[in-house]
Amino acid sequence: MELPQRISVGYAPLVALYQLLDARAHEPGRPAERTDWAARLTALRVLREGATPGDADALVTALLDPADRDVRHVAVSTRPERLGDLVAEALRFGERVLLFADPGRVPAGLLAVDGLLRPVGARWEEELRSLRHDLLILDQGPADRAALRSVEAGNANRTTVDAALTERLRVGIVQAEAEVERTAGAAEAAVAAQIAAFEEEKDATAEAARCLTVFTEARDLADGAARKAEAAVTTANGSAARCRDLEQRIAGARNEISRARQVEADLEQRLEQARGALPGATAEAERLKEAANEAEALRHHTVYRVASAESALAAERKKQNWGQRLHVTQANPEIRAKRDDLAQKRREAEQAVERAVLLDEQRRLAEGERAGMAAFLESGGRDLAAAQEAQRRHTEEIPALENELSLARTDHATHAGLATEAVAAANRAAEPAEEARRTGIAAEAALTRARAALEAAKAATERLKGEEEQAVARLGEAETALTEQEERAAAAAENGRADLAAAMETVERSGERIAAILGEEAEPEFRERAARRMELLTADPAAAASVICTTPDAVPPGPYDVLIVDRAERITDGDLLLGAVHARRCVLVGKPGAEGPGVDPGFNDLLEALSALQAAGSGGRTQIVGSESYGPSVKAEVERLRSTGLWDGYYAELHGKIVRRLNGLGLVADDALATAVSERLTTSAFQRCLDIGT
């Protein structure tokens with residue numbers, strides 16, 4: 001049998017399953033799945049066309065007839081711990097390896113990339129780190145030699161600097177001794193100045209005390225006169241405030257009379273208008289009330305007509321047979337007529353309700369307007385009488401207020417004269433106190449100056465004594481600094497000799513390391529080769545990698561020499577073919593007896609539901625044949641496919657094509673699909689090879 005025919009026959013059920021899985025994954029409203037079923041169909045198509053780098057016939061034989069498997073093309077290993085050895089062996093033969101495995105399973109020491117051609121594992125960084133380290137050592141050689149020259153120059157410079165610093169410290173000691181002598185003389189002069197300032201401050205204190213006594217006596221007399229003047233001014237201000245208050249009350253009364261006259265004229269005009277409009281508003285309210293009552297009666301009448309139409313429609317529906325009720329046979333034409341009549345009566349009822357509500361709202365507005373007019377006629381009369389009473393009361397009050405104002409003005413004139421005399425007396429009494437105050441201020445200023453001079457003398461004495469102490473301290477520090485500098489210069493000379501020896505040893509050791517790195521190769525050639533390798537490792541990992549480690553759904557373009565599958569017991573035929581169609585040979589590495597691949601239980605329910613619906617659809621049956629033998633989950637799936645329209649609009653045509661194709665190959669569709677689920681979706685090729693061996 002030719003290869004395309006073998007694949008078409010052998011994998012027809014699996015192709016059908018992948019078509020159904022892909023359709024299920026793309027059901028409207030279903031969450032997206034991670035598995036690309038269409039890619040597996042493409043891999044089967046590539047295999048059928050024989051467009052593989054390896055022996056397609058040998059691969060098909062291993063998958064469909066494991067007993068005749070050629071181990072040169074499809075090998076099986078039951079020792080997962082040898083995965084690293086298998087990869088290393090393939091690399092020794094110069095083969096390009098495609099590895100289906102977790103990145104953590106990549107053997108150490110190999111350069112590998114994942115399906116997106118990104119580096120995997122620590123080997124990449126280790127090689128880059130080694131190349132960078134070698135280049136750093138090469139760069140360090142010139143730096144070490146420069147460091148040696150720097151140490152030599154530094155030692156010479158340090159000797160010169162230490163000699164200059166020692167001489168500068170000796171000069172500083174001579175200057176410090178002169179400063180100590182100068183500050184001692186200045187401190188003695190400051191003590192004499194402080195004694196003189198103390199005597200001056202004592203005399204100024206006595207004079208300031210005398211001036212304070214004179215000022216206190218004069219101020220007491222002036223304060224008594226000021227209190228009398230303040231009382232007189234307060235009394236005058238009170239009488240003036242009384243006059244202003246009476247003037248404001250008279251003006252307010254006149255304003256109230258004017259405002260009451262305006263209110264009276266306005267109310268008379270509005271009352272006349274309200275009396276003329278009230279009869280018309282009353283008639284309009286009565287008219288709208290009668291119209292609202294008529295609309296309410298019409299609304300009740302239309303409600304009764306709707307209820308009657310609903311009863312007639314319900315009675316007509318009861319006359320239908322079960323086929324008409326389930327919409328299997330044509331409905332009674334009388335139903336549509338009754339339904340249309342009911343809809344018309346409901347519209348009429350709605351219009352009647354809207355008119356009744358509108359007229360009732362207009363009635364309430366008209367009644368409110370009429371009631372408002374009646375209330376205004378009643379309250380307006382009271383407001384008019386109140387305005388007239390206010391005019392009378394304020395007119396009587398004004399003469400009394402004017403008489404009281406005249407008396408208050410006379411009283412204010414008397415109090416103002418007394419206040420003027422008291423203020424003049426207070427001013428005369430304040431003149432001696434002011435003179436005493438000025439004299440006291442001058443005495444206080446003299447005292448302040450004397451105290452400032454004393455404080456300045458004290459500060460100068462303290463400052464100069466401090467300067468003397470600081471000069472003595474600086475002299476001691478200079479002598480100590482000279483001793484420390486001489487000791488530090490000796491230690492620095494010894495350290496310089498040690499640094500020079502260490503730098504010479506570093507230059508020698510650096511030369512030995514560079515020679516070990518370069519060997520017989522010239523340094524420029526080594527640097528160029530290292531740069532090219534680093535560029536390859538960072539810019540083009542795929543070209544540098546020896547292993548492509550990925551998953552079945554992320555295989556980079558091939559071809560590959562060998563496909564090595566880790567945990568092969570979990571790999572289905574479709575998963576395997578996603579990589580196998582790009583490789584010349586395959587190695588399946590797994591653990592015997594481990595759990596195999598699985599399939600979503602819901603997919604099995606879908607297969608049974610589709611089969612049941614396919615059988616029910618033939619002959620126009622609406623009842624599932626043999627439904628009592630299906631479990632609850634299958635029945636629920638049948639109901640879902642029917643209620644959502646997925647069977648008629650989505651699955652029916654595809655499933656029908658699958659059944660016809662399988663039947664055309666001499667297969668019973670349901671049995672072939674069930675067998676494909678068991679042998680291709682839930683059993684791996686690795687396990688089938690082991691089963692043949694046992």
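Throughout, a residue's number is its position along its own chain's written sequence, starting from 1. At least 70 in pLDDT is required for a residue's local features to be given in this predicted model, at least 80 for side-chain atom pairs to be given and counted, and no such filter applies to totals for whole chains, interfaces and linings, which use all residues. Only heavy atoms go into the side-chain values, all of them from the structure, while hydrogens and water stay out.

Caption draft 1: Seen up close, the overall build of the protein. In DSSP terms, a helix is any run of H or I states spanning at least four residues, a strand is any run of E spanning at least two, and both are numbered starting from the N terminus. A count of helical and extended segments in the protein gives 16 helices and seven strands. The dimensions of the protein, computed from C-alpha atoms along their principal axes, are 145 × 130 × 40 Å. Whether two residues are in contact is decided by their heavy atoms: any pair within 4.5 Å suffices. Of the contacts formed within the protein by residues at least 6 apart in sequence, a portion of 80% connects residues at least 24 apart. Working note: accessible area of the protein is about 40,600 Å², and carbon and sulfur atoms make up 54% of it. In short, Shrake-Rupley with a 1.4 Å probe defines the accessible areas, and a residue's cover is counted only from the protein chains shown.

Caption draft 2: Fine view of the layout of surface pockets. Roughly 880 Å³ of volume is contained in the largest pocket. In this structure, the largest pocket is lined by 26 residues; those nearest its centre are Thr-35, Arg-40, Asp-553, Arg-570 and Asp-575. Of all the secondary-structure elements, those providing two or more residues to the lining of the largest pocket are α2 (12-25) and α3 (37-49). Both cavities and pockets are sets of points on a 1 Å grid over the protein atoms alone; in a cavity a 1.4 Å probe fits but cannot get out, in a pocket the set is open with protein on both sides within 12 Å along at least five of seven lines, and lining residues sit with an atom within 4 Å of a point. Grid points are joined across faces, edges and corners, and a volume is the space filled by probe spheres set on the points. In this model, the second largest pocket occupies a volume close to 220 Å³. As for the second largest pocket, its lining consists of Ile-7, Ser-8, Tyr-11, Ala-12, Val-15, Leu-41, Leu-44, Arg-45, Arg-48, Arg-661 and Leu-665. Among the elements of the structure, α1 (3-10), α2 and α3 are those that each provide at least two residues to the lining of the second largest pocket.

Caption draft 3: Expanded view of the sheet that holds strand β6 (residues 560-565). A strand pair is defined by DSSP finding two or more bridges across the two strands. Read from one edge of the open sheet, seven strands run β1-β7-β6-β2-β5-β3-β4, paired in mixed fashion. Each edge of the sheet is formed by a strand with only one pairing partner; in this case those strands are β1 (74-77) and β4 (119-120). The sheet contact formed by strand β2 (residues 97-100) and β6 spans four bridges and is parallel. The partner of Val-97 across the bridge, within β6, is Val-562.

Caption draft 4: Molecular detail of the nonpolar core. Within the largest apolar cluster, 79 residues are counted, with the highest numbers of intra-cluster contacts made by Leu-563, Leu-576, Leu-577 and Leu-641. The biggest single contributor to this core is α2, with nine residues. When sequence neighbours within four positions are dropped, the list of residues in contact with Leu-563 reads Leu-98, Phe-100, Leu-576, Gly-579, Ala-580, Ala-583, Arg-585, Cys-586 and Val-587. Side-chain atoms within 4.5 Å link the members of a nonpolar core, which is a set of buried Ala, Val, Leu, Ile, Met, Phe, Trp, Tyr and Cys residues. Three exposure classes are used, based on accessible area relative to the maximum for each residue type with a 1.4 Å probe and protein chains only: buried under 20%, partly exposed in between, and exposed over 50%. Formed by 17 residues, the second largest nonpolar core is a distinct cluster that contains Leu-86, Val-106, Val-562 and Val-589.

Caption draft 5: Fine view of the pattern of salt bridges. Each salt bridge in this description consists of a side-chain nitrogen of Lys or Arg and a carboxyl oxygen of Asp or Glu lying within 4 Å of one another. Tallying each qualifying case throughout the model produces 58 salt bridges. Ionic pairing is found between Arg-6 and Asp-57, a salt bridge with its closest N-O pair at 2.9 Å. Linking Arg-6 in helix α1 with Asp-57 in helix α4 (residues 56-64), this pair joins segments that are 51 residues apart in sequence. For Arg-123, the salt bridge goes to Glu-126, with nearest N and O atoms at 3.9 Å. Here Arg-123 and its partner Glu-126 are both found in helix α6 (residues 123-318), three residues apart, which amounts to about one turn of the helix. Assessed through its relative accessible area of 31%, Arg-123 is described here as partly exposed. Sharing partners across several salt bridges, the network here consists of Asp-360, Glu-361, Arg-363 and Arg-364.

Caption draft 6: Molecular detail of the UniProt feature "coiled-coil region" (unreviewed entry) in the protein. UniProt positions are given in the numbering used here, feature names are shortened, and annotations may be inferred rather than shown by experiment. According to UniProt, the "coiled-coil region" (unreviewed entry) feature falls on residues 236-298, 332-404 and 447-495. Helix makes up 100% of residues 447-495 and strand 0%, and the two end C-alpha atoms of the span are 68 Å apart.

Caption draft 7: Inspection of the side chain of Thr-550 at higher detail. By the element assignment, Thr-550 lies in strand β5 (residues 547-550). Overall, Thr-550 belongs to the buried group, its relative accessible area being 5%. Setting aside residues no more than four positions away along its own chain, Thr-550 makes contact with Leu-98, Leu-99, Phe-100, Ala-101, Asp-114, Gly-115, Val-555 and Pro-556.

Caption draft 8: Inspection of empty space enclosed by the protein at higher detail. This structure, assessed with the given rule, holds two cavities of 30 Å³ or more. Considering only enclosed or pocket space, the largest cavity measures out at about 60 Å³ in volume. Contributing to the lining of the largest cavity are Thr-52, Gly-54, Asp-55, Ala-56, Leu-59, His-73, Val-74, Ala-580, Ala-583, Arg-584, Arg-585 and Cys-586. Listing elements by their share of the lining of the largest cavity, those giving two or more residues are α4 and β7 (583-589). Sorting elements by how many residues they give to the lining of the largest cavity places β7 first, with four residues. In terms of residue class, the lining of the largest cavity is made up of six nonpolar, three polar and three charged. For the second largest cavity, the calculated volume is near 40 Å³. Lining the second largest cavity are Val-565, Ala-568, Ile-571, Thr-572, Leu-576, Leu-588, Ser-684, Ala-685 and Phe-686. When residues are sorted by character, Ala, Val, Leu, Ile, Met, Phe, Trp, Tyr, Cys and Pro go into the nonpolar class, Asp, Glu, Lys and Arg into the charged class, and all the rest, Gly among them, into the polar class. Considering only residue class, the lining of the second largest cavity consists of seven nonpolar, two polar and no charged.

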